[in-house]
Amino acid sequence: MERVVEILKEILEIPSPTGYTKEVLSHIEGKLNDAGIKTYYTNKGALIAGNHPEPELVIAAHVDTLGAMVKGILPDGHLSFTRIGGLLLPTFEGEYCTIITRSGKRYRGTLLLKNPSVHVNREVGKKERKEENMYIRLDAEVEKREDTEKLGIRPGDFIAFDPKFEYVNGFVKAHFLDDKASVAVLIDLMLDLGAEALEKLPVAFFFSPYEEVGHGGSAGYPKSTKELLVVDMGVVGEGVVGKETAVSIAAKDSSGPYDYEMTTKLIELAEKRGIPYTVDVFPYYGSDGSAALRAGWDFRVALIGQGVHASHGMERTHVKGLLATKELIRAYIEEKFGP
């Protein structure tokens, strides 16, 4: 595996549904600190990495993923749930998951349709996959609500779904490539650049913990920031031109156009350096950059990212797309501040 894929596999295996990102952020913090790269947390819980005291360019990706939360305990001891972010329930049906209690205990379970056996329910294939028709089957000997309460499970506990990582023929398949693929790219790039270079480069890296619920990138940037380059998944599907083996440069998403000068420079650099890329418009999409602009931050914002197929479901990208994204970020840094 390329190192970027190894890093991606590492962080995919650490659960981080929005609101429970402390474990993955701690892992990233340790990995960067071991390489001599300084880190600190914002009040809101974002992790900022870099060795320059006054960064002008901030490069952001989000560590939080889709997930769920225990909503209640059903009469038979199993669990009702509420989604965190835009979890695509038909895709996650049948997936294994971990219930993380507030006391740190962990239990396993499965997301299922209620009364899921075809041998007793002829309507299984017709039922709409929505929260009220589904539940978490708990892998514990429970028969009533009190049995589950004795385990220490309660409403508000987080539910993290297994990523199902697989690497085949250069393709990376997993849940939550949005946006851990970009996080892996940023870590890989920082390790390439090294601590000494990052002391000279006025660049910082921002790992956001709340993007999937819309407000992740709304606060916490260094005051010296002049530009924000957001790295998030590029959309692959009908009506867009993105592909898994290239980096997508977003001219516009549902929040409006991104900065003209930054976007144009990114296109020019991709052309000049022979980096596989597409320019695209994403119809149903928002980013940490959208949140930052709505919050009133006075800096320019652009958006790029490796193409990801089947977003919010069983996602897939390619190592070529990961490396293209990394090389475009590197090119942009070098263009602004020199090699």
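Further up the page is the structure itself.
All values reported here derive from a predicted model rather than from experimental measurement. (Residues numbered from 1 in each chain as written. Predicted model: local features only at pLDDT ≥ 70, side-chain atom pairs only at ≥ 80, totals over all residues. Heavy atoms only, no water.)

Some details on helix 8 (residues 319-337)
Okay, so step 1: The end-to-end C-alpha distance of helix 8, which contains 19 residues, comes to 27 Å, matching closely the 27 Å that a straight helix rising 1.5 Å per residue would cover.
Okay, so step 2: Residues of helix 8 that are buried include every one of Val 319, Gly 321, Leu 322, Ala 324, Thr 325, Lys 326, Leu 328, Ile 329, Arg 330, Ala 331, Tyr 332 and Ile 333, and no others. (Helix = DSSP H or I, 4+ residues; strand = E, 2+ residues; numbered from the N terminus. Expected span 1.5 Å × (residues − 1). Buried < 20%, exposed > 50% of the residue type's maximum accessible area, 1.4 Å probe, protein only.)

Observations concerning the packing of aromatic side chains
Given two aromatic rings, one states the distance between the centres and the angle between the planes to describe the pair.
Okay, so step 1: Across all of its chains, the model carries eight aromatic pairs by this definition.
Okay, so step 2: When the ring of Tyr 221 is compared with that of Phe 299, the centres are 5.3 Å apart and the planes differ by 85°; the resulting orientation is edge-to-face. Taken together, the positions of Tyr 221 in the loop between strand 12 (203-208) and strand 13 (227-231) and Phe 299 in the loop between helix 7 (288-294) and strand 18 (300-309) put the pair 78 residues apart, joining distant regions of the chain. As far as burial versus exposure is concerned, Tyr 221 and Phe 299 are alike and both buried.
Okay, so step 3: Classification of Phe 299 as buried rests on a relative accessible area of 8%.
Okay, so step 4: The positively charged end of Arg 316 is found above the aromatic ring belonging to Phe 171, 3.8 Å away from the centroid. (Phe/Tyr/Trp six-rings, centres within 6.5 Å; stacked < 30°, edge-to-face > 60°. Lys NZ or Arg CZ within 6 Å of the ring centre and 35° of its normal.)

A short note on the pairing of strand 3 (residues 57-62)
Within a regular beta strand, the side chains point alternately toward one face of the sheet and then the other, so they alternate between its two faces.
Okay, so step 1: Counting buried residues in strand 3 gives six out of six residues, a clear majority hidden from the surface.
Okay, so step 2: Going residue by residue along strand 3, you find Leu 57, Ile 59 and Ala 61 tucked away on one face and Val 58, Ala 60 and His 62 tucked away on the opposite face as well.
Okay, so step 3: The pairing of strand 3 with strand 12 spans six bridges and is parallel. For Ile 59, the partnering residue across the bridge sits in strand 12 and is Phe 205.
Okay, so step 4: For strand 3 and strand 13, the ladder comprises four bridges, and the chain directions are parallel. In the sheet register, Ala 60 faces strand 13, and the bridge partner there is Val 230. (Pairing = 2+ DSSP bridges.)

Looking at unusual backbone geometry
Okay, so step 1: For the bond running from Asp 178 to Asp 179, omega is 10°, close enough to zero to count as cis.
Okay, so step 2: Following the sequence through the fold, Asp 179 ends up in helix 5 (residues 177-200).
Okay, so step 3: Positive phi values are uncommon outside glycine, yet Asn 115 reaches one of about 50°.
Okay, so step 4: Tracing the backbone shows Asn 115 in the loop between strand 7 (106-113) and strand 8 (134-138).
Okay, so step 5: Residue Asn 115 is classed as partly exposed on the basis of its relative accessible area, which comes to 43%.
Okay, so step 6: Its identity is not glycine, yet Lys 164 carries a phi of approximately 60°, on the positive side.
Okay, so step 7: Positionally, Lys 164 belongs in the loop between strand 9 (158-161) and strand 10 (166-168).

Don't take any of this as a statement about function, it's just geometry.
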